[in-house]
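Residues per chain, in single letters:
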Amino acid sequence: MTQRPTLPPLLMRLPPPPLARPALGLALTAFLRRIAAKKPAILSRLGPYAQARFLLDVSDAPFLLLMQPEARRLTAHARHAPEPGHDAAIRGGLAAFLAMLHGAEDGDALFFSGELQIGGDTSAVLALRNALDDAELDLTEELAGLSGRPLDRWLRRGSALVARKSGLILSRQEVMP
């Protein structure tokens, strides 16, 4: 198994600021809606699983995320509270999630190695993974597109610096044939 970078443990121990979860949920929902508007094929690729509720448990992050594709909603939930109702779950470290999302690692390989675990409706998870693979998302570019000039250039540079320093894959990886 590949040794992946993790978020500093201090981040997990710090209490979130008041209203952090609702604010994060609003920001993530706006971000998800932007991506869905730019890449509507993601929802159509999900087919009947667009109605599913996906729990994203990024183990080294302070919140659980609940994604509802059809509602175009992504909400943050306290890690210490009972899990929100969901149809399918994907659990693992941030580095593995980002590697899969940006095409640097094959989702199947991450699942078979145990770096990502799935639960609930495995067909829904497979549909989500395929939809995200087809969309070829790049979170850095999506965020840069939101920020506009001149912040987009600074965001790209900052993302590249953080990626180099942390080892996290923060943008789509070009695969050379």
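Quantities reported herein were computed from a predicted structural model and do not represent experimental measurements.

*Asks:* What is the right way to look at the sheet that holds strand S1 (residues 54-58) in this model?
*Replies:* The strands making up a sheet associate through hydrogen bonds between their backbones, and the pairing can be parallel or antiparallel. Strand order in the open sheet made by the five strands is S3-S2-S1-S4-S5, with mixed pairing throughout. With one partner strand each, in any of the chains shown, strand S3 (73-78) and strand S5 (116-120) form the two edges of the open sheet. Taking the axes of each pair of neighbouring strands and ignoring which way they run, one obtains an average angle of 20° across the sheet. Sheet topology places strand S4 (residues 88-92) next to S5; five bridges connect them, and they run antiparallel. If you follow arginine 91 over to S5, its bridge partner there is glutamine 117.

*Asks:* For this particular structure, what's the right way to read the environment of leucine 143?
*Replies:* Within the secondary structure, leucine 143 sits in helix H7 (residues 139-147). Look at leucine 143 and you get partly exposed, because its relative accessible area is 38%. Remark: the alpha-carbon pair of leucine 143 and arginine 156, spanning 13 residues in sequence, is separated by 8.8 Å. Each residue touching leucine 143, except ones within four places of it in the same chain, is listed here: Phe31 and Leu155.

*Asks:* Quick question: what am I supposed to make of the pattern of salt bridges here?
*Replies:* With the rule as written, the count across this model stands at ten salt bridges. For arginine 79, the salt bridge goes to aspartate 57, with nearest N and O atoms at 2.9 Å. Of this pair, arginine 79 sits in the loop between S3 and S4 while aspartate 57 sits in strand S1; the two residues are 22 residues apart in sequence, bridging distant segments of the chain. Judged by relative accessible area, aspartate 57 falls into the buried class, the value being 10%. Residue arginine 91 pairs with aspartate 57 through a salt bridge whose shortest N-O separation is 2.9 Å. Linking arginine 91 in strand S4 with aspartate 57 in strand S1, this pair joins segments that are 34 residues apart in sequence. Residues joined in a network through salt bridges with shared partners are Asp57, Arg79, Glu83 and Arg91.

What counts, and at which threshold
Residues numbered from 1 in each chain as written. Predicted model: local features only at pLDDT ≥ 70, side-chain atom pairs only at ≥ 80, totals over all residues. Heavy atoms only, no water. Pairing = 2+ DSSP bridges. Helix = DSSP H or I, 4+ residues; strand = E, 2+ residues; numbered from the N terminus. Axes fitted to C-alpha atoms, helices over the stretch in contact; angles between N-to-C directions. Buried < 20%, exposed > 50% of the residue type's maximum accessible area, 1.4 Å probe, protein only. Contact = heavy atoms within 4.5 Å. Salt bridge = Lys/Arg side-chain N within 4 Å of Asp/Glu carboxyl O.

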